[in-house]
Every structure is written in C-alpha cells, then in structure tokens.
Amino acid sequence: MSLQRLSALRAIMASQPKPLAAYIVPTCDAHNSEYIAPVDARREWLSGFTGSAGTAVVTPSSALLWTDGRYYTQFEQEADLSLWTLMKQSLPETPTMEKWLVSNLTDGAAVGVDPHTFSRDEWSPLQVRLNEFSFFLAFLILKSHKTIRGKSAGEKISELRAKMEEKKASALVITALDEVAYTLNLRGSDIEYNPVFFSYLIITPSAVLLFTTKELSPAACLQLSEENVQLQRYPYDSVEEQLRNMAKELSQSGGKHSIWLSSDASEAIHRAASGADVLPTPLNIISEVSPVSLMKLIKNDVELQGFRDCHVRDGIAVVRLLKWLHEEIDSGKVISEIQASDKLLEFRKLEENFMGPSFATIPGSGSNGAIIHYSPSRDGPQKIIEKDDMFILDSGGQYMDGTTDITRTRHMSRSPTPEQKSAFTRVLKGQIMVGACLFPQGVKGNVLDSFARHALWEVGLDYAHGTGHGVGHFLNVHEGPSGVSWRPYPHDPGLKPGQVLSNEPGYYKVGSFGIRHEDLVETIRVSKETDHPRVTGLQGDFDGRGVLGFHTLTLVPHQRDCIDVSMLTDFELQYINNYHKRVLETLGPILKERQLVKEYNWLQNECAPLLRH
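Per UniProt, the protein chain carries the Cofactor (unreviewed entry) text "Mn(2+)".

Listed below in structure tokens is the structure:
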C-alpha cells in the first residue's frame, strides 16, 4: 500500500495554494508522546516501517526516512526499498534532515508540516534554517484509573502554582499526557501500554481546566474533590479556542502576562496560548522544560516503595517464565516467540496489582535478537525458538504501584559459542560497572554512558542505543528528562536521589544473535553507612556535592552458563554472586509459600555462586 499512500499524499501536496516541495512526517502526536495511538501513527501508515522512532520526508520524487541504529535492520525488512531511502542518522556522513532539504530544494520552496506534531524546540531551529535559504514552513494538517497516592493532586497543583508565581506566569499549560495523569493522580487507557488519557490541563492562580475526549467517571470526580481539586472540564477539541480567549482576556486586563509552556508542546498550542492569531502583540511565552516533568522525575517515598514491591512480583513472573521455557524446549516441544510472550503475560496476570504490559514484549530468538526493537508478527509463520538460539526477552509490566522493564538473555541449550559467551560477559561487565558506580550528585546521566561500553570498547564492539532511560510510576515506561546515553539529554537537570532509571547495555551481531541485560535502578545517597558495594573505598563526598549510587530493583538471575568467569574481576564476581544471593533470598520464600517447589529449585540452581576454576 505504500505506493498508493505516497501518491495520495503527493496529490494533496500538489493541490495546495502553493504546492509543497516537501512534507515532513514525524513520529508524534499532539502531546509529543513517545508511544502513540494507532490514529496518530501517520509515519507508520505512510512508510510501513513500525519502529518507534523516525522522521519521514516526502517530495514529489523522493521518500526518505531518518532513524537511528536501533532500527536499520527493521526498516530494511519492513519498508518498500524501491520507494523509500533509509537515512542512517547515527552515521556522520548522513546529512541531517535540514541539510538534505537545503541541498535538494530550490529557492522559495514550501515545506509542509503539521504544527500539532512539532514541538517548539523542533520547530524554531527548522524554521530558522529554512528561512536562511528562502524556504518557508507551511501548515498542512492531515487528519487521520486508577488512582495512585504519595502526594495528593491538590498538593501538586499548589506546588505548581508556587512555581508559577516565581516565574510570574499567569497560566501553566500542560500538554504531555503523562504529566496530566501525574498531576491529577488519574490514569487512563487511550494509548496501549501507557496508562494515560487524551487531555490538556491549564492551571491558573484560581482555576484548573481539564480538556478531555470523554467525561470523567463519578469515582474520579469524587477523588479529585477529596484531593481539593475543583476542576472545570471542557471538550478536548476546544483547547486552542480556550487558549486564544484566555490570551485576549489577559491582554485586555492590562499589565504584563506570560504563559508557561513546555518547549515540547506543539507549535499550534504555542501560537494559541500567545494569542498570535488574535492579538496585535502576542503574550510572552515561557517555553522551557515543564515543571511537571521535573516534579515527577523525583519519586516520593510511597512511589519508591511501590517500585520495590512490584519488582518482587514481576521477578516471580519472569522467573516462572524462564523456567517454563527451558523445560518446554528441553523436552522437545515447539515454542514460538509469541507463545513465550503470551506465557509471560499469563504469569504476570497472576500477580497482585498487575494492570497490563508496559510495552510490547520483545522476544528475539536467534537473528531476531539482533533487531533492537524487534516485534514478532502474529500474521503468517511464527519464528520458533530453537535449542541453539540465543534468546533476548525484553518486557515489562504496569502495576498499580509501579512500572517494570527488564531484559534477560538466555542461551536455550546452555552452551553458547565462545563468541557469544565473551559478548555476554562483556555486556554484563558494563552493566555491573554502571550498577556499582559512585558519582557526584547533580552530574548528568550521559557522563555514565561510557562505563557501560568500556568492556565492549576494549575489543572494538559497541551498541547503537542509549544505556538508560527514566521510568514513570505506573506511567510511561520511557520518561524524561533524564537518561544515560551517548547522546546528551538536553533538559537533564542532573541526577538526584529518588530517580528510577534503566541500566541496559547490549551487543548485537546482525543476522546472528543479540545480547542485552536490563535492570531498573533507583538512585540513592551513599555514605559510609550505606549498603553499597563500593562503600568500603569511599574517602570523600565530592567536596560537599554529595555521593550518589544505584540500587538495583530488578530481581531475576543472569544465566550462569553464559558468563565467562575468567573475564570477571574479583569485584565483579562478588557483585554478581551477591546479586544472585539477594534474588534467591527475596523470591525464594515467596515461591515456597506458593508451593512452587520446582520453580524454587530452578531458581536456587540459577543463583548458585559462580566459582573460579
């Protein structure tokens, strides 16, 4: 269908008052959500490429798609390569989208975009760059609860109003769906895997305005009332009109007024909030990192305890799956990747407070494991997990008290090749180096990234994704603005106690196998009294800045058969043995209590100490 869809888009481009020389299709919705609903998946619909990141550019004669190294193999498998050109944005020789447009369009060309799908941070530099060459951006819009506690919605709104007063902002406009859900202590189901609902939220010194596609339930209204939130609800589609009216009212009231918006908010919302189309002098816009994103970044004590608790239950489910999978394949049964994914979901559904997966499970067997964000299709033949396969299982759960994200790699025959065993161990060494590191409070996450790659870089190996992302509390499994990556996070405020991040180095040999080890970790303060593997060597506190480290939340053993003990230092060997001891001591009693004796015996064997020979 890609040819027909490209042809339809090109016909619309040609029919504009000034025909469009190019049209940009990002992977985005009106809220800059990382995961989007099918109705917003314009780029996927157009190109056939299902990866979660990428930007398409269509001209009358070309169709190009920029994406990073996680998706090169997937793009080549899914897209029609006779129509689409892959632009490998991780490679230095690949021009940026802006450079390509400048080099390939003529003076005065019009480039089409949907302003609802571009954040201000993306829009402004693109506009400046194109204006330098007499191009211009044209609007072309293609139409295509659970409560959690820890801090009441009223308390959160009071804190935000205090921040508004500091900024001298007359209103705060919240556009990110997870930020609306977090602020109001509500959850929804409008986007698969993400417990959010389509909405906008406007906070003023005296009012709270919520724009939604549907009415709130009586229980949600009661909860908000109990949390001291008097809400005014409006139809979702009326937000721009309401913002323009508010801009006119503020302008007519006299004085100087500013509207506070996340720089990730769409250009359309920025224009409406400033009154750009209705006022001779638009209002001032404070366009920067959202105060809500910084607030929810630091988990409170209730949220942190929820993370710890749900990882115990999640560990039980994953251990049960791994034991089942090995037994089935050892007995000669035919198990597909999707069957393994479905069985894991069965086990998770047995755990208390489980609400659903936190993303689509990635069960990559053999060469599929080298596709970083692999997703098996239920249509057509199913890939069977072979006994000689290296098998990656990347999955997560949404629980009412937290969110999980875990990857474990298993060799199904327990007899990896020397190359696989070496790579497995080097990736594990990187994960240990991050998991055990000490660092100054306030340091940005990207400076830790090289720790994870050190053992791989020693032999010329690497991986084409970041090392860690933030995780929401019963919210989006990928949460900004902090992370650990070779790419800096532009709004990372620096690491502080109470954050939850992933620690997930990997290695991928295209066409052969993949390896990834992923834990979730909690940032903690470290002193001489802290239970941390590096505490015995602690001498200072970074001149008063404070010492931080990580505490691993995930509780699932690594496959001992794939670890080359001779490659581990004494510290690394002790670290992995201590981790396995904690896994057994935490999960073992629960398995016994549930009379899961075979699962306990399997876990006990998997957690046995590694010894040097």
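Draft legend 1. Focus on the confidence of the model for the protein chain. Counting all residues, the mean pLDDT for the protein chain is 93, and 97% of those residues have values of 70 or more. Confidence drops under pLDDT 50 across residues 140–147; counting only partners more than four residues distant or on other chains, this segment forms 26 contacts.

Draft legend 2. Expanded view of the sheet that holds strand β13 (residues 354–357). Spatially, β13-β16-β17 is the arrangement adopted by the three strands of the open sheet, whose pairing is antiparallel. Whereas interior strands pair on both sides, the edge strands pair on one side only; in this sheet they are β13 and β17 (402–403). Pairing geometry for strand β16 (residues 397–399) and β17, over two bridges, is antiparallel. Within the sheet, the bridge partner assigned to Y399 lies in β17 and is G402. Against the sheet, helix α13 (residues 337–349) makes contact with β13 and β16, and its axis sits at roughly 165° relative to β13, the strand it touches most.

Draft legend 3. Representation of the nonpolar core in the model. In terms of nonpolar packing, the biggest core is built from 67 residues, with L325, I385, F439, F550, L587 and L603 touching the most fellow members. The element that contributes the greatest number of residues to this core is helix α12 (residues 301–330), accounting for 10 residues. The residues touching I385, leaving out its near neighbours within four places in the chain, are L325, I329, I335, S336, E337, A340, S365, F391 and M412. Within the second largest apolar cluster, 54 residues are counted, among which are A30, F211, L283 and V292.

Draft legend 4. Quick look at helix α17 (residues 597–606). By the burial criterion, the buried members of α17 are E599, Y600, W602, L603 and E606. One side of α17 carries all its buried residues, which in axial view fall inside an arc of 165°. Residues of α17 that are exposed and point more than 90 degrees away from the buried face comprise V597, K598 and N605. Tucked into the core, α17 has its buried residues touching α12, β18 (406–411) and α16 (570–593).

About the criteria used
Residues numbered from 1 in each chain as written. Predicted model: local features only at pLDDT ≥ 70, side-chain atom pairs only at ≥ 80, totals over all residues. Heavy atoms only, no water. UniProt positions renumbered as here; feature names shortened; annotations may be inferred. pLDDT = per-residue confidence, 0-100. Contact = heavy atoms within 4.5 Å. Pairing = 2+ DSSP bridges. Helix = DSSP H or I, 4+ residues; strand = E, 2+ residues; numbered from the N terminus. Axes fitted to C-alpha atoms, helices over the stretch in contact; angles between N-to-C directions. Core = buried A, V, L, I, M, F, W, Y, C linked by side-chain atoms within 4.5 Å. Buried < 20%, exposed > 50% of the residue type's maximum accessible area, 1.4 Å probe, protein only. Arc of directions from axis to C-beta.

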